[in-house]
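# Topology and contacts: notes
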Amino acid sequence: MKVTIVGAGAVGASCAEYVAIKDFASEVVLLDIKEGVAEGKAMDLMQTATLNSFDTQITGTTNDYSKTAGSDVAVITSGIPRKPGMTREELIGINAGIVKEVSSNLIKHSPNVTLIVVSNPMDTMTYLVHKTTGLPKNKIIGMGGALDSARFKFRLSEALECPPSDVNGMVIGGHSDTGMVPLTRLATRNSIPVSAFLSEDRLNQVSEDTKVGGATLTKLLGTSAWYAPGAAVSALVQAIACNQKKMFPCSAMLEGEYGLNDICIGVPAIIGKDGLEKIVEIELDDAESKKIKESAEGVSKTNALLEL
Ligand SMILES: NC(=O)c1ccc[n+]([C@@H]2O[C@H](COP(=O)([O-])OP(=O)(O)OC[C@H]3O[C@@H](n4cnc5c(N)ncnc54)[C@H](O)[C@@H]3O)[C@@H](O)[C@H]2O)c1
Ligand SMILES: O=C(O)C[C@H](O)C(=O)O
């Protein structure tokens, strides 16, 4: 399994580290446009191999896509992150051009690649990759819901005063401060609905904290987060590499599912060796359906800014 990560910045390098530590990939190639950065991060990570007991070979390259040839999976984390006070949508002007160019270069050298889009605004960048590359729809996956769900479970565990591993839950909808739809109705602690333990007010607070999870970290860090994003991407890469058929909410191109068309937005999906193998349609109640529709309207507005 050969994995390429384009953008050896905070998220790209974190993802490379988690992929290597989990030791399921033979090769990770880091590529960046900044001279020497990918090579340097690859060397630094390789010097952890004996300490962290992995055999994954990590190499770096400055913009030489021939080194990425034959990749099974490629992660796109290239582009600018937001600063405190900004929305993800404000990044579209710079990141759209980068994502378009990077995805085209990747496919030239790896025509059978599965792409995982991370750069923001992620749902719109995933849509752009669908519209411009011609890759089959199962081979383009937007990563947002896996991260948002991890944050949701963390916030629930805080409220429940229990370990995060006791909690299950999912966030669907757009990966934006207002568009996320945390499914509190379906969240559980060891199969027991969380509403058995938490008041409606406390659950609303959990939802609101989850939705602004990225903004909260951006305010604290001065740039956006990387550990949980890197871990979330590596979980998707692993699900593909190991054909796990795990369910993650991912940004998928919808063709009628959830009553939506021609839009990429977070929905539960089965991830395995063929990429995004299946969109899972669950029954939403009226309030959830309304929220997903509003979320889709927001994503569509951002999509309309693309020059396709
Ligand atoms: N979808 C998500 O859940 C999620 C989570 C975290 C971050 N993000 C997004 O991921 C992106 C990266 O975030 P980061 O914190 O790693 O930023 P960063 O600035 O640390 O890293 C970005 C890297 O991309 C490189 N780059 C820029 N243009 C390039 C090009 N044309 N080719 C190759 N490399 C190029 C830069 O040199 C830089 O090293 C941002 O857009 C951020 O908003 C998304
Ligand atoms: O918040 C951001 O801008 C980065 C990312 O989308 C995140 O959720 O951490």
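Rules used throughout
Residues numbered from 1 in each chain as written. Chains lettered and ligands numbered in written order. Predicted model: local features only at pLDDT ≥ 70, side-chain atom pairs only at ≥ 80, totals over all residues. Heavy atoms only, no water. Helix = DSSP H or I, 4+ residues; strand = E, 2+ residues; numbered from the N terminus. Rg over C-alpha atoms; globule rule 2.2 N^0.38 Å. Buried < 20%, exposed > 50% of the residue type's maximum accessible area, 1.4 Å probe, protein only. Expected span 1.5 Å × (residues − 1). Contact = heavy atoms within 4.5 Å. Domains from an automatic or database assignment. Buried area = accessible area lost by both parts, 1.4 Å probe. Pairing = 2+ DSSP bridges. Near = heavy atom within 4 Å. Polar contact = N/O pair within 3.5 Å; in protein donor to acceptor, adjacent residues only side chain to side chain. Areas by Shrake-Rupley, 256 points an atom, 1.4 Å probe, with all protein chains shown as cover. Nonpolar A, V, L, I, M, F, W, Y, C, P; charged D, E, K, R; others polar. pLDDT = per-residue confidence, 0-100.

## A few points about the overall build of the protein chain
When helices and strands are counted, the protein chain shows ten helices and 14 strands. Scaling as 2.2 N^0.38, a compact globule of 308 residues should have a C-alpha radius of gyration of about 19 Å, and the protein chain matches this with 18 Å. Expressed as lengths along the three principal axes of its C-alpha atoms, the size of the protein chain is roughly 55 × 45 × 35 Å. Expressed as a percentage of its 308 residues, the buried residues of the protein chain come to 53%.

## A few points about helix 1 (residues 10–22)
Look at helix 1: 19 Å from first C-alpha to last across 13 residues, which is about the 18 Å you get at 1.5 Å a residue. Three or more residues of helix 1 are buried, namely Val 11, Gly 12, Ala 13, Ser 14, Cys 15, Ala 16, Val 19 and Ala 20. Where helix 1 is buried, its residues touch strand 1 (2–6), strand 2 (27–32), helix 2 (37–46), strand 3 (57–62) and helix 9 (227–241). Of the residues flanking the end of helix 1, it is Asp 23, one or two places downstream, whose phi is positive at about 60°.

## Considering the domain arrangement of the protein chain
What the domain assignment lists for the protein chain is domain 1 (2–143) and domain 2 (145–303). Domain 1 and domain 2 are separated by 22 Å when their C-alpha centres are compared. Facing the 36 residues of domain 1 at the interface are 50 residues of domain 2. When the two sides are added together, the surface that domain 1 and domain 2 hide from each other amounts to roughly 3500 Å², 63% of it contributed by carbon and sulfur.

## Focus on the sheet that holds strand 10 (residues 188–189)
Pairing in this open sheet of three strands is antiparallel, and the strands run 7-10-11 from one edge to the other. Two strands in the sheet have a free side with no partner beyond their single neighbour: strand 7 (167–168) and strand 11 (192–193). Of the pairings in the sheet, the one linking strand 10 to strand 11 comprises two bridges and is antiparallel in character. When the bridges of strand 11 are listed, Thr 188 appears paired with Pro 193.

## Looking at unusual backbone geometry
Here the residue pair Asn 120 and Pro 121 is connected by a cis peptide bond, since its omega of -5° sits within 30 degrees of zero. Note that Pro 121 resides in the loop between strand 5 (114–117) and helix 5 (122–133). One non-glycine residue with positive phi stands out, namely Glu 161, at about 55°.

## Concerning the site of ligand 2
Taken together, Arg 82, Arg 88, Asn 120, Leu 147, Arg 151, His 175, Gly 214, Thr 218 and Ser 224 form the complete shell of residues around ligand 2. With respect to ligand 2, the side chain of Arg 82 contributes an N or O atom lying 2.6 Å from an oxygen atom. The contact in question runs from an oxygen atom of ligand 2 to an N or O atom on the side chain of Arg 88, over 2.8 Å. In the complex, the protein chains occlude 94% of the 260 Å² of accessible area that ligand 2 would expose alone. Its residues assigned to classes, the shell around ligand 2 comprises one nonpolar, five polar and three charged. Here the shell around ligand 2 spans two domains, since at least three of its residues come from each of domain 1 (2–143) and domain 2 (145–303).

## Examining the confidence of the model for the protein chain
Summing up the model confidence of the protein chain, the mean pLDDT is 98 and the portion of residues at 70 or higher is 100%. For this predicted complex, the interface confidence score (ipTM) comes to 0.99, while the overall pTM stands at 0.98.

## A closer look at the site of ligand 1
By nearness alone, 26 residues border ligand 1, and Val 11, Asp 32, Ile 80, Asn 120 and Met 143 come closest of all. A distance of 3.3 Å separates an oxygen atom of ligand 1 from a polar atom in the backbone of Gly 79. Residue Met 143 places a main-chain N or O atom 2.8 Å away from a nitrogen atom belonging to ligand 1. A total of 860 Å² of accessible area belongs to ligand 1 in isolation, and the protein chains cover 90% of it. Of all the secondary structure elements, the ones that give two or more residues to the shell around ligand 1 are helix 1 and helix 4 (92–109). A per-element tally of the shell around ligand 1 places helix 4 first, with three residues.

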